[in-house]
Amino acid sequence: MLTAEVLMSHSLAGEPPSAGRRAAPLTTAAYSAVEWDLLTTLPGRVLVAAASPGPGRPARDVAAGLVGLDAVAAGRASDSDLVRAVAAAIYARHDGATAPTGSATAPTDSAAAPTDSAAALAGGLADPAELPQVCRAAVRVLRRRADPADSAAYRQWVESVAVRVCRTGTPQPSHRRFLDRLGDALDLR
């Protein structure tokens, strides 16, 4: 199997990947199981934290959960190999829980389904106050292991999940503060 390093060397040597993308999907070989788990659970954790009530932040509604799930699913169409691989891993892991009718964001009869799906994607974040530390840990992993362009794309994608959730409904000043703290933790500011 080709590794990301081999594929990148072909790209650097001037050989374009087929159809503008690498010939083989990015594998988890560059990441430990713990690092990969961190990268694949962070988008869901961000979605849950953005939709959860916080200091001065009301709880978001079901529509915000659906918007967040759509933002996570958008990663499957990213130009970044890392973002596509993470999004694919998220939906491969949670396919039965999040896609009862074949769509990553298909609602079910239960009004709580988007929240349940988001919680499943979150990987068990016990305390949303932990989110900045989790984001910083992901940034450290990305600095060590990821191509700088993939790192930037991943961090921007994760932030976009929160932005889309926070912009659903009536934005509050507290949402802006949440997004600012998240951007700082993701090293985007």
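About the cut-offs
- Residues numbered from 1 in each chain as written.
- Predicted model: local features only at pLDDT ≥ 70, side-chain atom pairs only at ≥ 80, totals over all residues.
- Heavy atoms only, no water.
- Helix = DSSP H or I, 4+ residues; strand = E, 2+ residues; numbered from the N terminus.
- Buried < 20%, exposed > 50% of the residue type's maximum accessible area, 1.4 Å probe, protein only.
- Areas by Shrake-Rupley, 256 points an atom, 1.4 Å probe, with all protein chains shown as cover.
- Polar contact = N/O pair within 3.5 Å; in protein donor to acceptor, adjacent residues only side chain to side chain.
- Salt bridge = Lys/Arg side-chain N within 4 Å of Asp/Glu carboxyl O.
- Core = buried A, V, L, I, M, F, W, Y, C linked by side-chain atoms within 4.5 Å.
- Contact = heavy atoms within 4.5 Å.
- pLDDT = per-residue confidence, 0-100.
- Expected span 1.5 Å × (residues − 1).
- Bend = angle between axes of the 7 residues up to and from the residue.
- Axes fitted to C-alpha atoms, helices over the stretch in contact; angles between N-to-C directions.
- Parallel < 35°, antiparallel > 145°, perpendicular 65-115°, else oblique.
- Nonpolar A, V, L, I, M, F, W, Y, C, P; charged D, E, K, R; others polar.

Notes on the overall build of the chain
Stage number 1. What the chain contains, in helices and strands, is 9 helices and 0 strands.
Stage number 2. Shown N-terminal to C-terminal, the secondary structure of the chain runs as helices and strands in the order α-α-α-α-α-α-α-α-α.
Stage number 3. Within the chain, the fraction of its 189 residues that count as buried is 47%.
Stage number 4. On the chain, roughly 9300 Å² of surface is accessible, and the fraction owed to carbon and sulfur atoms is 56%.

Let's talk about unusual backbone geometry
Stage number 1. You will see that Asp187, though not glycine, has its phi angle at about 60°, which is positive.
Stage number 2. Tracing the backbone shows Asp187 in the segment after helix H9 (173-185).
Stage number 3. Since its relative accessible area comes to 38%, Asp187 is described here as partly exposed.

What to know about the side chain of Thr40
Stage number 1. Looking at the secondary structure, you find Thr40 in helix H2 (residues 33-51).
Stage number 2. Polar side-chain contacts of Thr40 include one of 2.7 Å to the side chain of Arg93.

Points about the pattern of salt bridges
Stage number 1. With the rule as written, the count across this model stands at 7 salt bridges.
Stage number 2. Measuring nitrogen to oxygen at the nearest pair gives 2.3 Å for the salt bridge that ties Arg84 to Asp81. Remark: Asp81 and Arg84 occur in helix H4 (residues 81-93); sequence separation between them is 3 residues, near one turn of the helix. Residues Arg84 and Asp81 agree in their burial class; the two are buried.
Stage number 3. A salt bridge links Asp180 to Arg176, with the nearest nitrogen and oxygen atoms 3.1 Å apart. Within this pair, Asp180 and its partner Arg176 are both found in helix H9, separated by 4 residues, close to a single helical turn.
Stage number 4. Sharing partners across several salt bridges, the network here consists of Glu35, Arg144 and Arg145.

Remarks on the nonpolar core
Stage number 1. One finds Leu39, Leu42, Tyr154 and Trp157 to be the most contacted residues of the largest nonpolar core, which totals 45 residues.
Stage number 2. Elements with a contribution of two residues or more to this core: H2, helix H3 (62-73), H4, helix H7 (131-145), helix H8 (148-166) and H9.
Stage number 3. For this core, the element with the highest residue contribution is H2, accounting for 9 residues.
Stage number 4. Residues contacting Leu42, with those up to four places away along its chain left out, are Leu131, Val134, Cys135, Ala138, Tyr154, Val158 and Leu186.

Some remarks on the confidence of the model for the chain
Stage number 1. Per-residue confidence for the chain gives a mean pLDDT of 76, with 67% of residues at or over 70.
Stage number 2. Within the model, pLDDT remains below 50 along residues 1-25, and this stretch shows 18 contacts once partners closer than five positions in the same chain are excluded.
Stage number 3. Confidence over residues 97-122 falls short of pLDDT 50; this stretch has 44 contacts with residues more than four positions distant or in other chains.

Digging into the side chain of Asp150
Stage number 1. Inspection of the secondary structure puts Asp150 in helix H8.
Stage number 2. A distance of 3.4 Å separates a polar side-chain atom of Asp150 from the backbone nitrogen of Asp81.

Comments concerning H2
Stage number 1. Look at H2: 28 Å from first C-alpha to last across 19 residues, which is about the 27 Å you get at 1.5 Å a residue.
Stage number 2. Taken as a whole, H2 carries its principal kink of about 35° at Thr41; the proline Pro43 stands between one and four residues after it.
Stage number 3. Counted residue by residue, H2 has 15 buried out of 19 residues, so it is predominantly covered.

Focus: the packing of H7 against H9
Stage number 1. Contact geometry for H7 and H9: axes closest at 8 Å, N-to-C directions at 30°. Relative to H9, the element H7 lies roughly parallel. Seen from H7, the contacting residues are Leu131, Pro132, Cys135, Arg136 and Val139; seen from H9, they are Phe178, Leu182 and Ala185.
Stage number 2. Residue composition of the contact of H7 with H9, grouped by class: 7 nonpolar, no polar and 1 charged.

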